[in-house]
Structures are given as C-alpha cells and as structure tokens.
Amino acid sequence: MRTVTLGPLENVSRLTLGGGGLGQLWGETTNDEAIATVHAAVDAGITLIDTAPMYRHCEGVIGEAFAGKPPGHVRFTTKCQLGTPAAGTVAEKLEASLDASLAAMRLDHADIFFLHSNICEDDYEYAHYNHRRDRFATTWSLYVNEVIPAFEALKARGRIRAWGVTGVGIPAAIIKALNHDQKPAVVQAVANLLDSPGGMRNYDEAARPRDIAAAAVAAGVGVMGIRAVQAGALTAAVDRDLPADGADAHDYVRSAPWRALCAELGVDPAVLAHRYALDIAGVDTVILGVKNRAELAQCVEAEAVGPLGDEVLGKIEGLGLRK
C-alpha cells in the first residue's frame, strides 16, 4: 500500500481504518468480526486507525484487538466532541475525554487528538438545530483561548503527538482555523464525488470541501478524507434504515445515475467511490467506514488499482452530481 506524510506522521497508509463501522454505526457487525477486521487492515498495510468516543464500541474493539501491545508502526487517533462548555473548563474536559479513550484502547498516548466539534464564530446562528449549538459547536473565542492551549499542553506532556480539527462545519470557520497562527497538524475533510457532508451539515452555506482541502495544503496541514461513500449513498445499497427525509437518504436517491454508471462500467460503486476519493487533490489518506473484512477487502482493492483514468473520471464528473 502506498504511504504519505500526514502532518508530523511519516509513512501513513493511503487508507486509514475508521472506527464508525467497527463500532456498529454503519450497519450490523459482531465484536469478533470487528476485531478480525482490525487485524486484517494491519496485515493489508494500513498504519493509521481513526477512533472516537462517539463511535460506540470502536475504542474497546481496539483495546481487545491489540491487548495494549499494538504493532509499533501503527498509529491511533481519537476525538473529543467538546461543544461550548463553560469558560475555564476546556482543558479538564479534553483531558478527561483523552483519558477515557486511551484507557479503552489500552494506549499510553494518541498520535492525533481531534476537536470533533464544529468551529463557529461566537455570534453564528445555525440554520438547523441552533438551539443545540453548544453541544455540537465550539465558538471561535473558546477555540483560540482554551482549546489550542489545552492541545498544546497535552502535546508538550507527551500525551498526544499532534492535534487536529474535524473540518465538516462552517467552511469559513474551518479555513480561518487552517490559516490561524497556531494551526492544527491535520484536518478531516469531506472527500466524495458529491462534495456532500450529508447529515453532518447544519448550516445553509455551500460545504466547499475542496476549498478546505486546498487551504490545508497551502497551510501545510495534513488532510484525512472522510465520507468517501457518503454514509452509504454512493454504495449499491444502504445497509441500515435512514430517515426518508434526511440528507443521506436524499443523497442516495440523487445518486441513482452513479449506480447506473457503475453498472455500465461493471464495477462495484463502493470500490469506484473510494478510488475517486483517493484521487481528490490534497487528500493524503482516506478513512474507511468498513464494518467487516469483506468491505475492507473492497477498499484495499480500490487503493491497489490506483488512480482513475481521464476517461472514467470524465464520465463521473459528467453526471453533474457535485453540488
């Protein structure tokens, strides 16, 4: 498997094993199959595993898979859905979250610790769920005055090697963070052929994921691509029940021309979607949402095949599915 430099981390595989599928967020699996998938990923050359407390069982799966003794070349991330807590409490909340994650994974440090919240201006009002803003978004002033210093303190103490942000919130705020004097080492950005964050988007503005990736590259920030198959919208069939009026279900319906093209080409939609994500400019590694070894094998195949040719890429862009 090809490798890249991701922020401060060298020899990072082009594919990252994500924790959502392992934690049973993306369809059903078993604990034993999740553990077997972790080992199969490492055997396939994957060197980075991305976790979060919100991914249900995934951190415990990592702890069981390696029993506290992971291979030395494998790195791990985790996250904190901080929101906007009371001033003066950020450092304590971040460290408590990190403590719990490391205990579950049986690790002594995280290679990257992400702010899982959106970042927003202090007076920003979301188009959707603004009454819950303090639960899913961190204000700019808190981010600058408390989050960054707390991350830097954890880094200085050796508890984390680097810190990053999840870049699925308001594009202007993410790009502002990427251009700030104290910038993250890594950003997680949407990387799919729809340019869609799906149900993670609570704002009205265009998502602009490619602008975010470009800003990260210009700032020397590593990019982890997420949502390569847009929560299943770009697969042959969604593996779980979705609200009929939700963004992810809507993306599945409007992606019908994509599935028709894949049928014409004789390829699995998930495989081609991952190849497309790997080709997006600026994306260093693509996070997989797989839940079993069969899905993992498809993604490993996608990376092994290599870049899309101009003809196939032209057909994909010709569908006009990008927002």
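Residues numbered from 1 in each chain as written. Predicted model: local features only at pLDDT ≥ 70, side-chain atom pairs only at ≥ 80, totals over all residues. Heavy atoms only, no water.

**Observations concerning the overall build of the chain**
Helix and strand counts for the chain stand at 13 helices and 12 strands. In terms of overall dimensions, the chain has C-alpha extents of about 55 × 45 × 35 Å along its principal axes. Split into buried and exposed, the 323 residues of the chain put 55% on the buried side. A separation threshold of at least 6 residues defines the contact pool for the chain, and within that pool the share at least 24 residues apart is 73%. Only carbon and sulfur atoms are counted for the fraction: they give 51% of the accessible area of the chain, which is about 13,100 Å². Across the chain, 30 positive and 40 negative side-chain charges occur, with their mean positions spaced 1 Å apart. (Helix = DSSP H or I, 4+ residues; strand = E, 2+ residues; numbered from the N terminus. Buried < 20%, exposed > 50% of the residue type's maximum accessible area, 1.4 Å probe, protein only. Contact = heavy atoms within 4.5 Å. Areas by Shrake-Rupley, 256 points an atom, 1.4 Å probe, with all protein chains shown as cover. Lys, Arg positive; Asp, Glu negative; His and termini not counted. Charge placed at Lys NZ, Arg CZ, Asp CG, Glu CD.)

**Notes on the packing of helix α3 (residues 58-66) against helix α4 (residues 90-105)**
Between α3 and α4, whose axes approach to 6 Å, the crossing angle comes to 40°. Judged on the interaxial angle alone, α4 and α3 are oblique. Between α3 and α4, the contacting residues are E59, G60, I62 and G63 on the first element and S101, A104 and M105 on the second. The residue makeup of the contact of α3 with α4, split by class, is 3 nonpolar, 3 polar and 1 charged. (Axes fitted to C-alpha atoms, helices over the stretch in contact; angles between N-to-C directions. Parallel < 35°, antiparallel > 145°, perpendicular 65-115°, else oblique. Nonpolar A, V, L, I, M, F, W, Y, C, P; charged D, E, K, R; others polar.)

**Regarding the pattern of salt bridges**
Overall, the coordinates contain 17 salt bridges when judged by the stated rule. For R2, the salt bridge is made with E303, and the minimal N-O distance between the two is 2.7 Å. Separated by 301 residues along the polypeptide, R2 in the segment before β1 (3-6) and E303 in helix α12 (residues 293-305) bring together distant segments of the chain. The shortest N-O distance in the salt bridge between R208 and D211 comes to 3.0 Å. Linked by salt bridges that have partners in common, E95, D99, R157 and R159 make up one network. (Salt bridge = Lys/Arg side-chain N within 4 Å of Asp/Glu carboxyl O.)

**A word on the nonpolar core**
Looking at soluble globular proteins, one finds that nonpolar side chains tend to be buried together. If you look at the biggest cluster of nonpolar residues, it comprises 88 residues, and the most contacted ones within it are V38, L94, Y143 and W258. If near-sequence neighbours (up to four positions away) are discounted, L94 is found in contact with C80, L82, F113, V147, A150 and F151. With 13 residues, the next largest nonpolar core counts L9, V12, F114 and V168 among its residues. (Core = buried A, V, L, I, M, F, W, Y, C linked by side-chain atoms within 4.5 Å.)

**A short note on the pairing of strand β6 (residues 110-115)**
Among the 6 residues of β6, 6 are classified as buried, and the element is accordingly described as predominantly covered. For strand β5 (residues 75-80) and β6, the ladder comprises 4 bridges, and the chain directions are parallel. In the strand pairing of β6, K79 is matched with F114. In this fold, the crossover linking β5 to β6 by way of α4 has right-handed handedness. The sheet contact formed by β6 and strand β9 (residues 160-166) spans 5 bridges and is parallel. By the bridge assignment for β9, I112 is matched with A162. (Pairing = 2+ DSSP bridges. Right-handed = clockwise from strand over helix to strand, strands pointing away.)

**Some thoughts on the sheet that holds strand β10 (residues 186-190)**
The 8 strands lie next to each other as β3-β4-β5-β6-β9-β10-β11-β12, forming a closed barrel whose pairing is parallel. Mean inter-strand twist for the sheet, computed between neighbouring axes without regard to direction, equals 30°. Of the pairings in the sheet, the one linking strand β3 (residues 15-18) to strand β12 (residues 285-288) comprises 3 bridges and is parallel in character. From the neighbouring strand, L17 faces β12, where its bridge partner is L288.

**A closer look at the packing of helix α2 (residues 31-43) against α3**
Where α2 contacts α3, the two axes come as close as 9 Å, and the packing angle between them is 65°. In terms of axis orientation, α2 runs roughly perpendicular to α3. Judged by the twist between their axes, the crossing of α2 over α3 is right-handed. On the side of α2, the interface is formed by N31, A34, I35, V38, H39 and V42, while α3 contributes V61, I62, E64, A65 and F66. (Left-handed = near helix turned anticlockwise from the far one by under 90°.)

**Points about the packing of aromatic side chains**
Aromatic ring pairs are described here by two measures, namely the spacing of the ring centres and the angle between the planes. This model, assessed by the stated rule, comprises 7 aromatic pairs. Ring centres 4.9 Å apart and planes at 80° place the aromatic pair Y124 and Y126 in the edge-to-face group. A ring pair is formed by W140 and Y143, whose centres lie 5.4 Å apart and whose planes are at 45°; its orientation type is tilted. Of this pair, W140 and Y143 both sit in helix α6 (residues 140-156), 3 residues apart, roughly one helical turn. Exposure remark for W140: the relative accessible area of 13% places this residue in the buried category. Accessibility expressed as a relative area gives 0% for Y143, which makes it buried. In textbook terms, an aromatic cluster arises when at least three aromatic residues are bridged by ring pairs, as seen for F113, W140, Y143, F151 and W163. We note K176 situated over the ring of W140; from NZ or CZ to the ring centre the distance is 4.4 Å. (Phe/Tyr/Trp six-rings, centres within 6.5 Å; stacked < 30°, edge-to-face > 60°. Lys NZ or Arg CZ within 6 Å of the ring centre and 35° of its normal.)

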